[in-house]
Amino acid sequence: MKISFYVLSESKAQDFLGFICQLTQTALNKSTQSILILIKDDALLSTLDEALWAQDAASFIPHQRLSNVDTKGADIDVATSNPLAPVLLGAYMPADFNGIVLNTTIHPVNDFMAATSNAKPSRVLELIKPDAISVQEGRHKYKIYQQLGYELTHFKV
């Protein structure tokens, strides 16, 4: 699995939602795989949901919020290989998910993979804000991924 860390500048961190939308659109343009944006913060999830619909009048980003009813990922609509939308938003990884994960949480993606069945993302995009806590969490995730032998890259944006 390939893991890319995006270390955000102050300006990108201030427009966190805009950067997530931009990165999501770039991933959609470069891949045919589904994208899962992992979000544990309900307020961030709601504002991102709105931001993706209003991204651009000509190129909104079609997406779907995962149901909170089943946190194990057994939601019938999204557990299939053909989700209803190319971008999924949620606090868990659906069963059998094998696309791209954009992780906004403090937890490594492996924690989400362990909580569901047969999830094997092809790529993970980790966002690191320029504050001390985010940097520390990013280093922790980096060490975990490194120990698991994943292919790691990082970009300063």
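Here the structure is a predicted model, which is why all the values come from computation and not from measurement.

About the cut-offs
Residues numbered from 1 in each chain as written. Predicted model: local features only at pLDDT ≥ 70, side-chain atom pairs only at ≥ 80, totals over all residues. Heavy atoms only, no water. Helix = DSSP H or I, 4+ residues; strand = E, 2+ residues; numbered from the N terminus. Buried < 20%, exposed > 50% of the residue type's maximum accessible area, 1.4 Å probe, protein only. Contact = heavy atoms within 4.5 Å. Areas by Shrake-Rupley, 256 points an atom, 1.4 Å probe, with all protein chains shown as cover. Core = buried A, V, L, I, M, F, W, Y, C linked by side-chain atoms within 4.5 Å. Expected span 1.5 Å × (residues − 1). Phe/Tyr/Trp six-rings, centres within 6.5 Å; stacked < 30°, edge-to-face > 60°. Pairing = 2+ DSSP bridges. Salt bridge = Lys/Arg side-chain N within 4 Å of Asp/Glu carboxyl O.

**Q** Account for the overall build of the protein, with residues named and values stated.
**A** Within the protein, the regular secondary structure consists of six helices and seven strands. Helices (α) and strands (β) of the protein occur, in sequence order from the N terminus, as β-α-α-β-α-β-α-β-β-α-β-α-β. Burial analysis of the protein (157 residues in total) assigns 44% to the buried set. Across the protein, the fraction of contacts at a sequence separation of at least 24, relative to all contacts at a separation of at least 6, is 63%. Within the structure as shown, the protein displays about 8400 Å² of accessible surface, and the carbon and sulfur contribution to it stands at 52%.

**Q** For the nonpolar core, give the residues involved together with the corresponding values.
**A** If you look at the biggest cluster of nonpolar residues, it comprises 25 residues, and the most contacted ones within it are Ile37, Leu48 and Leu127. Residue assignment for this core shows that the elements contributing at least two residues are α2 (16-30), β2 (35-38), α3 (42-53), β4 (87-90), β5 (100-103) and β6 (123-128). Those residues in contact with isoleucine 37 that sit more than four places away from it in its chain are Ile20, Thr24, Leu48, Leu52, Val87, Leu88, Leu89, Gly90, Leu102 and Thr104. Counting residues in hydrophobic clusters, the runner-up holds 19 residues, among them Leu36, Leu66, Met93 and Leu152.

**Q** Let's hear about α3: which residues, and what values?
**A** Between its terminal C-alpha atoms α3 stretches 17 Å, which fits the 16 Å expected from twelve residues at 1.5 Å a residue. Where the residues of α3 are buried, they touch α2, β2, β3 (63-65) and β4.

**Q** Tell me what's going on with the environment of histidine 140, and back it up with residues and numbers.
**A** Topologically, histidine 140 is positioned in helix α6 (residues 132-147). Classification of histidine 140 as partly exposed rests on a relative accessible area of 46%.

**Q** Explain the packing of aromatic side chains to me, using residue names and the numbers behind them.
**A** The geometry of an aromatic ring pair is captured by the separation of the ring centres together with the interplanar angle, meaning the angle of the planes. The tally for this structure, following the rule as stated, stands at five aromatic pairs. Residues phenylalanine 5 and tyrosine 142 carry aromatic rings whose centres are separated by 5.4 Å and whose planes lie at 50 degrees to one another, so their mutual orientation is tilted. With phenylalanine 5 in strand β1 (residues 2-7) and tyrosine 142 in helix α6, this residue pair connects regions lying 137 residues apart in the sequence. Phenylalanine 5 gets classed as buried once you look at its relative accessible area, which sits at 3%. Residues phenylalanine 5 and tyrosine 145 carry aromatic rings whose centres are separated by 6.1 Å and whose planes lie at 55 degrees to one another, so their mutual orientation is tilted.

**Q** Lay out the pairing of β4 in plain terms, naming residues and giving numbers.
**A** On β4, burial covers both faces: Val87 and Leu89 on one face and Leu88 and Gly90 on the other are all buried. Sheet topology note: the β2/β4 ladder contains four bridges and is parallel. Opposite isoleucine 37, over in β4, you have leucine 89 as the bridge partner. As judged from the three bridges shared by β3 and β4, these two strands associate in the parallel manner. Along β4, the bridge assignment pairs glutamine 64 with leucine 88.

**Q** Let's hear about the pattern of salt bridges: which residues, and what values?
**A** Applying the stated criterion to the full structure yields two salt bridges. Arginine 65 is the partner of aspartate 49 in a salt bridge, and the nearest nitrogen-oxygen pair spans 3.3 Å. Here aspartate 49, found in helix α3, pairs with arginine 65, found in strand β3; they are 16 residues apart in sequence, far enough to count as distant. By relative accessible area, arginine 65 is classed as partly exposed at 39%. Between glutamate 126 and lysine 141 there is a salt bridge; the shortest N-O distance is 2.6 Å. Here lysine 141 lies in helix α6 and glutamate 126 lies in strand β6, a separation of 15 residues in the sequence. Here glutamate 126 and lysine 141 have matching classes, each one buried.

The values are spatial; any link to function lies outside them.
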